[in-house]
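Coordinates in review
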Amino acid sequence: QVQLVESGGKLVQAGDSLRLSCEVTGRPFSVYVMGWFRQASGKEREYLGSLSGRGGDTSYGGSVEGRFTISGDNAKNTVYLQMNDLRPEDTAVYYCAATSLVFFSSNLADWHYWGQGTQVTVSS
């Protein structure tokens, strides 16, 4: 059974950078496509981007492309979300997810495993 545990969320100032971690246990993340999502209070869960565990390819949602970067460390079995130039509208709970599908998808139903989330708050 795969488990995902996010960490690194905290209160930051606008313009700051922050890196979130997603530790994967149970199986190597290299066999999955890994994704990051976020959910602001009162809003739907939003797709941020994906990382192919096999090849390292990435894809991003339009709202964060250019500011957010997804990467992985096979030795630590951990996936990261590097967030730069944070804005108050980035305030949300951030989730890591994994899918056994071999393509990138923004559809929540395509993701098989989810972490518990980590809160990021950006003050102005």
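As a starting point, this report considers the structure included with it. (Residues numbered from 1 in each chain as written. Predicted model: local features only at pLDDT ≥ 70, side-chain atom pairs only at ≥ 80, totals over all residues. Heavy atoms only, no water.)

Before going further, it helps to examine the nonpolar core. Judged by nonpolar contacts, the single largest core of 27 residues is most densely connected at M34, W36, L81, M83 and Y94. With sequence-adjacent residues up to four places away left out, M34 is seen in contact with L4, C22, V24, F29, G49, S50, L51, V79, C96, A97, A98 and W111. With six residues, the next largest nonpolar core counts F37, Y47, Y95 and A97 among its residues. (Core = buried A, V, L, I, M, F, W, Y, C linked by side-chain atoms within 4.5 Å. Buried < 20%, exposed > 50% of the residue type's maximum accessible area, 1.4 Å probe, protein only. Contact = heavy atoms within 4.5 Å.)

Okay, the environment of G35 next. Turning to its location among the elements, G35 is positioned in strand β4 (residues 33-39). With relative accessibility at 0%, the residue G35 sits in the buried group. If we ignore the near neighbours within four places in the chain, the residues touching G35 are G49, S50, Y95, C96, A97 and W111. (Helix = DSSP H or I, 4+ residues; strand = E, 2+ residues; numbered from the N terminus.)

Counting through the fold element by element, N107 comes out in the loop between β9 (92-99) and β10 (113-114). Note on N107: relative accessible area 42%, which makes it partly exposed. A sequence separation of 61 residues divides N107 from E46, and the C-alpha atoms of the two residues are 9.4 Å apart.

The subject of this paragraph is unusual backbone geometry. Note: most peptide bonds trans; most residues except glycine with negative phi. You will see that N77, though not glycine, has its phi angle at about 50 degrees, which is positive. Note on N77: relative accessible area 16%, which makes it buried. Positive phi outside glycine occurs at D85, with the angle close to 50 degrees. Within the secondary structure layout, D85 lies in the loop between β8 (78-83) and β9.

Our focus in this paragraph is the packing of aromatic side chains. Tallied over the full model, the rule gives five aromatic pairs. Both rings, one in F37 and one in W111, keep their centres 5.4 Å apart while their planes meet at 80 degrees; by these two values the pair is edge-to-face. Here F37 is found in strand β4, whereas its partner W111 is found in the loop between β9 and β10, with 74 residues between them in sequence. Both residues of the pair, F37 and W111, count as buried. Seen from their ring centres, F37 and W114 are 4.8 Å apart, and the 55 degrees between their planes marks the pair as tilted. Taken together, the residues F37 in strand β4 and W114 in strand β10 connect sequence positions 77 residues apart. Classification of W114 by relative accessible area gives partly exposed; the value is 28%. One aromatic cluster in this structure is built from F37, Y47, Y95, W111 and W114. (Phe/Tyr/Trp six-rings, centres within 6.5 Å; stacked < 30°, edge-to-face > 60°.)

Any link to function would need more than the numbers given here.
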